[in-house]
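Observations on the model geometry
Residue strings, one per chain:
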Amino acid sequence: MDQELAGTLQELERKIAELERTLSSLTAAYPPPSESAAAPSAPAPSPPAVASEPQAAPPPRVVASEPQAPATNAGGWSRIVDEAVEREMPVRSHRARTPGAPLAFEPSQSPAAPPSWPPTRPTQPKRPSPDELLRFRDRLERAAHELTHDYDELLGRLSYAAVSTPAGPTISFARGAPSLDIVDVEGLRDAAVRAFESDPAGTTAYGTSIGYPRLRSWIADHHGVEPECVLVTNGSMQADAFLFEQLVRSGDEVIVERPTYDRTLLSLRQRGAQLHAVELEPDGIDTAALATLLRGGAEPTLAHIIPNFQNPAGYTLSYEKRRHLLELAGNHGFMVFEDDPYVALRFSGETLPTMLSMDPERVVYASSFSKTVCPGIRVGYLVGPPELIAAIAKLATNTYISPNMVAQSIVYEFCASGAIDRSIETVKAALAERAQTLAEALGRELADAEFVAPQGGYFMWVTLPEGTDVSALFKAAAERGVAFVKGTDFLLEGGENTLRLAYSGVTPEQIDTGVARLAEAYRSL
């Protein structure tokens, strides 16, 4: 492993540990109201009264002394909490002053009659309020979660690059991307040549935020909608971000699957959304539980659903549940966000209609060419009601003026020529073999593992017996040259005995070896 990167990872681990210690201290010193309501706490001491002492003669100018550090209160505030609060929160001004007004004493004023004399001595900084402390604790929790996620992603990227370990080159089940051997490199090269030959002006110039017009029309035809219903973006994650920015405000309630894509959780939490995580079953989100939640008073703005070969679980939403979900959305007035990048990668089972085709007024649809063409192309899109797409197009204009016309032009040529159909068939055949190999290897090597074999996509969700420490397994597997993503990354809470295995980027031979190493790591715990 590169020494500089190894040092960076160690530093990241140290910072995470510091944040976790700070969170523990803050929680112990100032529990949430629900935890502290049962035991009344002693009232915080009032700040000492400041006596006005007459001066023999006023000095020519006021020099404020440095305020004393806040005293520890009866509740046992720890030093680390005080230091953290002082770092993160600006100390309040001890005396209000109108902008532009003179200070307590200015040289231009007559010292014989100052506006206020003697000057008020500075008081101790005011204790932060309970709400401020709770908001600060939430910021620390988010920072720790983001650092942990970035740390795990770095390890995944190292593994994806086949870093050597004592056990040999690392086998990565961490990255949801196809291996190079199933990417149509020649077809992409030919599409790039055609793009520059057939439309050099449109390929190389600024476009508009709606995307490359020819690709926009191709997508519209593919979904049976008008072009005004389509916005082409720089990958589906940017499509997600635009939609969340348009529809979700701080405090809005949003339905998510449990588990769900970690970046979705991060994006929605950063926007201040109130998340309701509804359990995911092998046939999709538990719509009966969702109905109970709605009857109980939940008023969501949006429901985020990955209907086909869900990331991270690999599950598919059944037709009956699609209908029930749309019925709930209509009755309770929320939009359904159908996040569907894996839809074309079905290798077994029955193809199901999109929810967009079932209720185009209630559904916003997103997909991507990263899974069917290649990850590096970074082209995705949104399909939805024209007025919503027009509003998001304005947001996109203010964000980047134009998306990547070169990439979108190449994708258009790749699609229009039929190369994408051949590419999808190649990818599906490889994924089918790899998914079967993974299921057989788990059944053979890791009998304690519970999983549902997927009908398409990239991922398999694995549940180990209660009490299994997936963090310890993560480290033990890394020592043996295997990488995966912990299930806790995809959940707001829980999942300490779960993990996600991506089979898209590994060969059948690597899968057999990798699962054997994973089983050895599991037995070592």
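Since this is a predicted model, take the numbers as computed values, not measurements.

Parameters and conventions
Residue numbers run consecutively from 1 along every chain, following the written order of its sequence. Two thresholds apply to this predicted model, a pLDDT of at least 70 for residue-level local features and 80 or more for giving and counting side-chain atom pairs, whereas whole-chain, interface and lining totals are computed over all residues. To get the side-chain values, take all heavy atoms of the structure and skip hydrogens and water. Going along the chain from the N terminus, every DSSP run of H or I of four or more residues is numbered as a helix, and every run of E of two or more is numbered as a strand. Here's how the labels work: a residue is buried when its accessible area is under 20% of the maximum for its type, exposed when over 50%, partly exposed in between, all with a 1.4 Å probe on protein chains only. Every residue pair with non-hydrogen atoms within 4.5 Å of one another is taken to be in contact. Whether two strands pair comes down to DSSP finding at least two bridges between them. Where helices are involved, their axes are fitted lines through C-alpha atoms of the stretch in contact, as for all axes, and angles between N-to-C directions lie from 0 to 180°. Each angle is binned into one of four classes, with values under 35 degrees roughly parallel, values over 145 roughly antiparallel, values of 65 to 115 roughly perpendicular, and all other values oblique. We call a crossing left-handed when the near helix sits turned anticlockwise from the far one by less than a right angle, and right-handed when that turn is clockwise. Take the buried residues of types Ala, Val, Leu, Ile, Met, Phe, Trp, Tyr and Cys, join any two whose side-chain atoms come within 4.5 Å, and each joined set is a nonpolar core. Every case where a carboxyl oxygen of Asp or Glu lies within 4 Å of a side-chain nitrogen of Lys or Arg is listed as a salt bridge. What a helix should span is 1.5 Å times the count of its residues minus one. Comment: arc refers to directions from the helix axis out to C-beta atoms. By convention, orient the strands away from the viewer: a clockwise path from the first strand over the helix to the second makes the crossover right-handed. Definition of a polar contact: a pair of N or O atoms within 3.5 Å, with one able to donate and the other able to accept a hydrogen when the atoms are protein atoms, and with sequence-neighbouring residues admitted only if both atoms are side-chain atoms. Working definition: rings of Phe, Tyr and Trp (its six-membered ring) pair if their centres are within 6.5 Å, and the pair is stacked with planes under 30 degrees apart, edge-to-face with planes over 60 apart, and tilted otherwise.

**A short note on the overall build of the protein**
Helices and strands together make up the secondary structure of the protein, namely 17 helices and 15 strands. Going through the 525 residues of the protein one by one, you find that 46% of them count as buried. Considering only contacts within the protein whose residues lie at least 6 apart along the sequence, 75% involve residues at least 24 apart.

**Focus: the sheet that holds strand 15 (residues 498-502)**
If you trace the three strands from one edge of the open sheet to the other, you get 12-15-14, paired in antiparallel fashion. Where the open sheet ends on each side, the last strands, each with one partner, are strand 12 (459-463) and strand 14 (485-486). Here strand 14 runs beside strand 15; their pairing, made up of two bridges, is antiparallel. Paired with Val485 across the two strands is Arg500, which belongs to strand 15. Across the sheet, helix 15 (residues 419-445) touches strand 12 and strand 15, and the angle it forms with strand 12 is around 15°.

**Points about unusual backbone geometry**
Residues apart from glycine generally show negative phi values, whereas peptide bonds are mostly found in trans. The residue after Arg258, namely Pro259, is reached through a cis peptide bond having omega 10°. Each neighbour pair has its own omega, and for Asn311 with Pro312 the value is 25°, a cis peptide bond. In this structure, Pro312 sits in the loop between strand 8 (300-305) and helix 11 (319-332). Residue Ile401 is not a glycine yet carries a positive backbone phi of 65°. With respect to the element layout, Ile401 can be found in the loop between helix 13 (386-400) and helix 14 (405-416).

**Describing the sheet that holds strand 6 (residues 274-281)**
Taken in spatial order, the eight strands make up an open sheet running 4-11-10-9-8-5-6-7, and their pairing is mixed. Whereas interior strands pair on both sides, the edge strands pair on one side only; in this sheet they are strand 4 (230-233) and strand 7 (284-285). Pairing of strand 8 with strand 9 (residues 335-339), which is carried by four bridges, proceeds in the parallel orientation. In the strand pairing of strand 9, Ile305 is matched with Glu338. With respect to the sheet, helix 10 (residues 287-295) is in contact with strand 5 (253-258), strand 6, strand 7 and strand 8, its orientation differing from that of strand 6 by roughly 150°.

**Details of the packing of helix 16 (residues 470-479) against helix 17 (residues 508-524)**
With their axes 8 Å apart at the nearest point, helix 16 and helix 17 run at an angle of 130° to one another. Of the possible angle classes, the one that applies to helix 16 and helix 17 is oblique. Helix 17 is crossed by helix 16, and the crossing has right-handed handedness. Of the residues in helix 17, those in contact with Leu473, Ala476 and Ala477 of helix 16 are Leu518, Ala521, Tyr522 and Ser524.

**A few points about the nonpolar core**
Counting 56 residues, the largest nonpolar core has Leu215, Val336 and Phe369 as the members making the most contacts within it. Ranked by residue count, the leading element in this core is helix 14, at seven residues. Val336 has contacts with Ala303, Ile305, Leu325, Leu326, Ala329, Met355, Arg362, Val363 and Val364, leaving out every residue within four places of it along the chain. By size, the runner-up hydrophobic cluster in this structure holds 39 residues, among which are Ala439, Phe459, Leu501 and Val515.

**Observations regarding the pattern of salt bridges**
Per the counting criterion, the structure on display carries 12 salt bridges. Measuring nitrogen to oxygen at the nearest pair gives 3.3 Å for the salt bridge that ties Glu425 to Lys428. Taken together, the residues Glu425 and Lys428, both in helix 15 and three residues apart, mark about one turn of the helix. For Lys428, a relative accessible area of 18% gives the class buried. Arg444 serves as the salt-bridge partner of Asp512, at 3.1 Å between the closest nitrogen and oxygen. On the criterion of sequence distance, the pair formed by Asp512 in helix 17 and Arg444 in helix 15 is long-range, its members being 68 residues apart. For Asp512, a relative accessible area of 32% gives the class partly exposed. The structure contains a network of salt bridges with shared partners spanning Glu281, Asp283 and Lys321.

**A few points about the side chain of Ser172**
Inspection of the secondary structure puts Ser172 in strand 3 (residues 171-172). Assessed through its relative accessible area of 8%, Ser172 is described here as buried.

**Concerning helix 11**
The end-to-end C-alpha distance of helix 11 is 20 Å, a good match for the 20 Å that 14 residues give at a rise of 1.5 Å each. Taken as a whole, helix 11 has its buried residues at Lys321, Arg322, Leu325, Leu326, Leu328 and Ala329. Taken down its axis, helix 11 places every buried residue within 160° of arc, on the same side. Exposed side of helix 11, more than 90 degrees from the buried face: Glu320, Arg323 and Asn331 are the residues found there. One or two residues past the end of helix 11 sits Gly333, with phi positive at roughly 75°.

**A closer look at the pairing of strand 9**
Among the five residues of strand 9, five are classified as buried, and the element is accordingly described as predominantly covered. Note on the crossover from strand 8 through helix 11 to strand 9: the handedness is right-handed. The sheet contact formed by strand 9 and strand 10 (residues 363-368) spans four bridges and is parallel. By the bridge assignment, Phe337 is partnered in strand 10 with Val364.

**Some details on the side chain of Glu338**
Here Glu338 lies in strand 9. A distance of 2.9 Å separates a polar atom in the side chain of Glu338 from the backbone nitrogen of Met355. Sequence-distant contacts of Glu338, defined by excluding residues within four places in its chain, comprise Ile305, Pro307, Arg322, Thr354, Met355, Leu356, Val363, Val364, Tyr365 and Ala366.

**Notes on the packing of aromatic side chains**
Tallying each qualifying case throughout the model produces 10 aromatic pairs. Look at Phe242 and Tyr400: their rings are 5.7 Å apart centre to centre, the planes differ by 70°, and that puts the pair in the edge-to-face class. In this pair, Phe242 sits in helix 8 (residues 236-247) while Tyr400 sits in helix 13, placing the two residues 158 residues apart along the sequence. Tyr400 matches Phe242 in its accessibility class, with the two residues each being buried.

Keep in mind that these numbers describe shape and distance, not what the molecule does.
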